[in-house]
Amino acid sequence: MKVVASSPEGLEKYLAEEISNLGGFNINTYKRFINFECDFETFYRVHFYSRLAFRFYREIASFNCYDKQSLYEGVRDSFDWIGWLHYEKTFNVQVTGKTSSLSHTHFTALEVKNSIIDLQKAVWNKRSNISLDNPDFIIHLHLNNNQAIISLQSSLESLHKRGYRPAVGNAPLKENLASGLINMTQWNGKVPLIDIMCGSGTFLIEAVHQLLEVPINTDQVYLFENWLDFKKDIYLNEKNKAIKKIINYEKIPKIIGCEINKKVFEQAKLNISLARLENYIELINNDFLELHLKFTSGIIICNPPYGKKLGDENELIHLYEQMGIFLKKNFSGWEFWLLSGNPKLTKYLKMKSSLKIPVSNGGIDCRWIKYLIR
Ligand SMILES: C[S@@+](CC[C@H](N)C(=O)[O-])C[C@H]1O[C@@H](n2cnc3c(N)ncnc32)[C@H](O)[C@@H]1O
C-alpha cells in the first residue's frame, strides 16, 4: 500500500531511515512528511516501532481536481465508499492544500462529505453521522497542482503520545521530537547520558526506549481496524510479537536527569515509573550546578528555557553564562547537545559549536547544537 507519514520539521530524513529499517520502500522525503510503500505486515509494524512519525495515512485514491464539480465527482467515482463505509460508521473529513477555486478548506471538506453521504443515501437511504471526536474513519483530502489525493488516517491519536506521560512539566518536548534529537546525537548506549534540565523526563525515557527498541502504542485501538481489507491475523501476529518482545535492560548505562523544580521533578518521577524505567534512570532534584559526577566522559543533553514560552530573556542570561562555565570546568572530554531556541541567549555559553541542526520545537525555530567540551 501507499502510505504517508507526518514528521516533525527537520526530522524527515531520520523518519525515512527509520521506515526503511522497518521494511518500507520507495521512500520520498518532503517537508514535514515522507511517503513510502509497504505490505500489510510492515504497515502494522510501523505503528509499534516508529518513534518519529506523528501519524500514518494510507492513500486510497487520486484524481484531477479543479473545482467544486470535479471534486464532488472525483470523490464519488474514485473509491469504493459503499464497500468500505457503512452508514452505521461515523467519519469526518480533513483538508490540506488548495486549488485556485477550492481555497477554503472548510467548504472543500463539506463538499467531500456531501459527495460521500449522497452516495450512501442513494444506496441505503441512510447516511453516516459525522463525528469530530471519535470517528470510525478520518478521511483526508490533499489538494496540490489541481491533483487530489484521498487518504485514510490510521490512528485517532497522534502516535507521539506514548501514554507514559500524563504529567508534563514546563514546555515539554514532544516524544517523537525528543527521540529524533537523541537519534541525531548517535548515542549508542555505551556511555552515560545526562539531561541537566530534564523537565518531565522525555529525553531520558525516549533515549532508553529507543536503545532497547521497546515497542510503543501497543494498547491503542487503531482506525485501520475499521478498514474493509483489515488483516486481523497479520495485525494480531505483529501486535503479539511487540507485546511479548523480550527487553534486555542490562544494556542500559548510567542515565541521570536533573531538575530544579520540585513539582516538575515529581512529575518526571511519575512518568519514568509509568514507562517502567524507575530502576534505570536516576533523578536528582537540584540545580545542575550542584551535580558532581565521577564518570570521565559521556553525553550531556539539555533543553533549557529560551525566554519565549518559559523564563524571562534577561534573567536567563545568567543561567546560560553559568552553564557554559560549569560545563567547561567539570566536563572536559564530554559531548554536550543543546536545544537552542534563542541564539541571543546561546551565545552567553561562550562555547564553540561543532554542529548545528535546524529543527522546529512546537513552532519555535530551534537548532540542535553539538559542542565538544574542552
Ligand atoms: C524547557 S524545560 C525542559 C523540558 C523537558 N525537555 C521536557 O520534555 O519536559 C526546562 C526545565 O529546566 C528546569 N531548570 C531551570 N533551571 C534549572 C537549573 N538551574 N537546574 C536544573 N533544572 C533547571 C526547569 O524547571 C524546566 O523544567
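Residues numbered from 1 in each chain as written. Predicted model: local features only at pLDDT ≥ 70, side-chain atom pairs only at ≥ 80, totals over all residues.

## Description of the overall build of the protein
Turning to step 1, where the next piece is worked out: What the protein contains, in helices and strands, is 11 helices and 14 strands.
Turning to step 2, where the next piece is worked out: Counting only C-alpha atoms and orienting by the principal axes, one finds that the protein spans roughly 75 × 45 × 40 Å.
Turning to step 3, where the next piece is worked out: Counting every position in the protein, which comprises 374 residues, the buried fraction comes to 40%.
Turning to step 4, where the next piece is worked out: A sequence separation of at least 24 residues applies to 77% of the contacts in the protein between residues at least 6 apart. (Helix = DSSP H or I, 4+ residues; strand = E, 2+ residues; numbered from the N terminus. Buried ≥ 20, exposed ≤ 12 C-beta atoms within 10 Å, placed from the backbone. Contact = placed C-beta atoms within 7 Å.)

## Things to note about the nonpolar core
Turning to step 1, where the next piece is worked out: Phe203, Leu204 and Ile300 are the most contacted members of the largest nonpolar core, which totals 50 residues.
Turning to step 2, where the next piece is worked out: Ignoring anything within four residues of it in the chain, the contact list for Leu204 reads Asp195, Cys198, Ile255, Gly257 and Ile281.
Turning to step 3, where the next piece is worked out: In terms of nonpolar packing, the next biggest core, distinct from the first, is built from 48 residues, Val3, Phe54, Phe91 and Phe224 among them. (Core = buried A, V, L, I, M, F, W, Y, C linked by C-beta atoms within 7 Å.)

## Observations concerning the site of the ligand
Turning to step 1, where the next piece is worked out: Close to the ligand lie 21 residues, the nearest being Pro172, Met197, Gly199, Ser200 and Thr202.
Turning to step 2, where the next piece is worked out: Among the residues making up the shell around the ligand, the classes are represented as 12 nonpolar, 7 polar and 2 charged. (Near = placed C-beta within 6 Å. Nonpolar A, V, L, I, M, F, W, Y, C, P; charged D, E, K, R; others polar.)

## So, helix H10 (residues 313-330)
Within an α-helix, residues lying three or four positions from one another point in the same direction, as the helix has 3.6 residues per turn.
Turning to step 1, where the next piece is worked out: Under the 1.5 Å per step criterion, the end-to-end length of H10 is 26 Å for 18 residues, consistent within 8% with the ideal 26 Å.
Turning to step 2, where the next piece is worked out: Against strand S12 (335-340) and helix H11 (343-346) lie the buried residues of H10. (Expected span 1.5 Å × (residues − 1).)

## Here we look at the domain arrangement of the protein
Turning to step 1, where the next piece is worked out: In terms of domains, the protein is made up of domain 1 (2-153) and domain 2 (175-212 + 244-372).
Turning to step 2, where the next piece is worked out: Taking only C-alpha atoms, the centre of domain 1 and the centre of domain 2 are 36 Å apart.
Turning to step 3, where the next piece is worked out: Across the boundary between the two partners, domain 1 contributes 9 residues, which contact 11 residues of domain 2.
Turning to step 4, where the next piece is worked out: A per-class count over the side of domain 1 that touches domain 2 returns 6 nonpolar, 1 polar and 2 charged. (Domains from an automatic or database assignment.)

## A closer look at the sheet that holds strand S2 (residues 25-30)
Turning to step 1, where the next piece is worked out: Strands sit in the order S2-S3-S1-S4-S7-S6-S5 across an open sheet of 7 strands; the sheet is mixed. Sheet topology places S2 and strand S5 (91-97) at the edges, where each strand pairs with a single neighbour. Each neighbouring strand pair of the sheet contributes to a mean axis angle of 30 degrees, computed without reference to strand direction.
Turning to step 2, where the next piece is worked out: When strand S6 (residues 137-144) meets strand S7 (residues 147-153), the two strands line up antiparallel, connected through 6 bridges. In the strand pairing of S7, Asn144 is matched with Gln147.
Turning to step 3, where the next piece is worked out: Lying on the sheet, helix H1 (residues 12-21) is in contact with strand S1 (2-6), S2 and strand S3 (33-37); it crosses S2 at an angle near 170 degrees. (Pairing = 2+ DSSP bridges. Axes fitted to C-alpha atoms, helices over the stretch in contact; angles between N-to-C directions.)

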